[in-house]
Amino acid sequence: MTDRELPLVGVLAVQGDVREHLRALEAGGARAVGVRRPAEVAAVDALVIPGGESTTIDKLTRAFELREPILDRLRGGMPAYGSCAGMILLADRVEDAIAGQQSFGGIDMTVRRNAFGRQVDSFEEDLAVEGVPGGPVRAVFIRAPWVERVGEQVQVLARHEGRIVAVRQGALLATAFHPEITGDTRVHRLFVDLVAHHLRRRGEAPVGAPVSAQFRTKGT
Ligand code: GLN
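Residues numbered from 1 in each chain as written. Predicted model: local features only at pLDDT ≥ 70, side-chain atom pairs only at ≥ 80, totals over all residues.

### Quick word on the overall build of the protein
For step 1, the next point in the chain: Summing up its helical and strand segments, the protein has 7 helices and 12 strands in all.
For step 2, the next point in the chain: In terms of overall dimensions, the protein is globule-like: its C-alpha atoms have a radius of gyration of 16 Å, near the 17 Å expected for 220 residues.
For step 3, the next point in the chain: Every one of the 220 residues in the protein was classed for burial, and the buried ones make up 48%.
For step 4, the next point in the chain: Within the protein, contacts between residues at least 6 apart in sequence are counted, and of these 65% link residues at least 24 apart. (Helix = DSSP H or I, 4+ residues; strand = E, 2+ residues; numbered from the N terminus. Rg over C-alpha atoms; globule rule 2.2 N^0.38 Å. Buried ≥ 20, exposed ≤ 12 C-beta atoms within 10 Å, placed from the backbone. Contact = placed C-beta atoms within 7 Å.)

Following this line, the structure appears as C-alpha cells:
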C-alpha cells in the first residue's frame, strides 16, 4: 500500500491531546493531520475528537466556525472517533453538561460528564475491548464520562464495573478512556481499519487492509 492509499485522518486541533492522537494514528496505519479550519474538515477521510475538555472544544469549534462543517460531514457518514471529551462530543445526549453546552451527536447514547470523576478523578485498568485483538488494553480514565444508555444501533465494546466505556455505532467509535497516551495503538488501529472499510464500501479507496470480522458482520 502506498502512502496515498492510507486513509487521511484529521484530529480536531482546537484543544486537548492532539499530538498524542496524531502519533497513535500514524502508528495505527493512517496519515494524520491536525484540523482547525473548515477546509481541512472537508479534506479528511475521518476525524478524531481528542480528550481534553468538552465544554472548551465545543466553544472553540463554534468560534472557529468548525461546528457546521463537522456536523455536515458527520451527517454524510464521515467516520469519527472520540476519546473522553471526544466521546461526550459524539453523544446524542449529555448529562451534567454546563449551560449551553452542545455536542455534535451521532451516537445514540446518553453520556454523563465527569461520571467517574465524582468517585475518583483518574484511574487505570486493563480492559478487554471487543474488536481489539491481543489481550486487554491499558485504559486510562481522567475525569471520564460513562455511558448511561445506548440505543439499539449501538454496539457496546467495553465495560468497567458494569459501566459502558467503549461503543461503536456504524463508523463512529467512542471510548471514555485515553488509549492515545499509553503507547498501545491497537484502538487507533481498530479505528483506522473501520475507516478503511468505510472508504472501500463507498468506493473511495482501493481494497487494502484487512478488516476485523465484526465490521464485516455487524454492517457498518
Ligand atoms: N471531563 C472532561 C469533559 O467534560 C473530559 C476529560 C477528558 O477528556 N480527560 O470534557
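### A short note on the site of the ligand
For step 1, the next point in the chain: Neighbouring residues of the ligand: G51, G52, E53, S54, C84, A85, I88, R113, N114, I142 and R143.
For step 2, the next point in the chain: When the residues that make up the shell around the ligand are grouped by side-chain class, the tally is 4 nonpolar, 4 polar and 3 charged. (Near = placed C-beta within 6 Å. Nonpolar A, V, L, I, M, F, W, Y, C, P; charged D, E, K, R; others polar.)

### Observations concerning the environment of R163
For step 1, the next point in the chain: Topologically, R163 is positioned in strand β11 (residues 163-169).
For step 2, the next point in the chain: R163 gets classed as partly exposed once you count the C-beta atoms within 10 Å, which come to 16.
For step 3, the next point in the chain: Along the primary structure R163 and E148 are separated by 15 residues, whereas in three dimensions their C-alpha atoms are 7.5 Å apart.

### A short note on unusual backbone geometry
For step 1, the next point in the chain: For E65, which is not glycine, the phi torsion reads 55° and is therefore positive.
For step 2, the next point in the chain: Along the chain, E65 turns up in the loop between α3 (54-63) and α4 (67-75).
For step 3, the next point in the chain: By the C-beta count within 10 Å, which is 11 here, E65 ends up exposed.
For step 4, the next point in the chain: At R143, a position not held by glycine, the phi torsion is positive, near 40°.
For step 5, the next point in the chain: Within the element layout of this structure, R143 appears in the loop between β8 (137-142) and β9 (146-150).
For step 6, the next point in the chain: With 17 C-beta atoms packed within 10 Å, R143 lands in the partly exposed category.

### So, the nonpolar core
For step 1, the next point in the chain: In this structure, V9, L12, L47, L90 and V167 are the most contacted members of the largest nonpolar core, which totals 70 residues.
For step 2, the next point in the chain: The residues touching L90, leaving out its near neighbours within four places in the chain, are I49, A80, G82, S103, F104, G106, I107, L172 and A174. (Core = buried A, V, L, I, M, F, W, Y, C linked by C-beta atoms within 7 Å.)

### Describing helix α1 (residues 18-27)
For step 1, the next point in the chain: Taken residue by residue, α1 has V18, H21, L22, A24 and L25 as its buried positions.
For step 2, the next point in the chain: Along its buried surface, α1 packs onto β1 (8-12), β2 (31-35), β3 (46-49) and α6 (186-201).

### Quick look at α6
For step 1, the next point in the chain: End to end, α6 covers 22 Å across 16 residues, agreeing with the expected 22 Å (1.5 Å per residue, within 8%).
For step 2, the next point in the chain: Once α6 ends, the next one or two residues include G203, with phi positive near 70°. (Expected span 1.5 Å × (residues − 1).)

### Notes on the confidence of the model for the protein
For step 1, the next point in the chain: Mean pLDDT over the protein stands at 92; residues scoring 70 or higher make up 90%.
For step 2, the next point in the chain: Every residue in residues 206-220 is under pLDDT 50, and counting partners more than four places away or in other chains gives 25 contacts. (pLDDT = per-residue confidence, 0-100.)

### Observations regarding the environment of L172
For step 1, the next point in the chain: Here L172 is to be found in strand β12 (residues 172-175).
For step 2, the next point in the chain: Separated by 93 residues in sequence, L172 and P79 have C-alpha atoms that sit 5.4 Å apart.
For step 3, the next point in the chain: Aside from chain neighbours lying at most four places away, what touches L172 is P79, A80, L90, G106 and I107.

### What about the pairing of β1?
For a regular strand, side-chain orientation follows a simple rule: the groups alternate between the two sheet faces.
For step 1, the next point in the chain: With 4 of 5 residues buried, β1 is to be regarded as a mostly interior element.
For step 2, the next point in the chain: Sheet topology note: the β1/β2 ladder contains 5 bridges and is parallel. Within β2, the residue paired with G10 across the bridge is V33.
For step 3, the next point in the chain: After leaving β1, the chain enters α1 and then returns to the sheet as β2, a path that is right-handed.
For step 4, the next point in the chain: In terms of strand pairing, β1 meets β3 through 3 bridges, oriented parallel. Bridged to V11 within β3 is V48. (Pairing = 2+ DSSP bridges. Right-handed = clockwise from strand over helix to strand, strands pointing away.)

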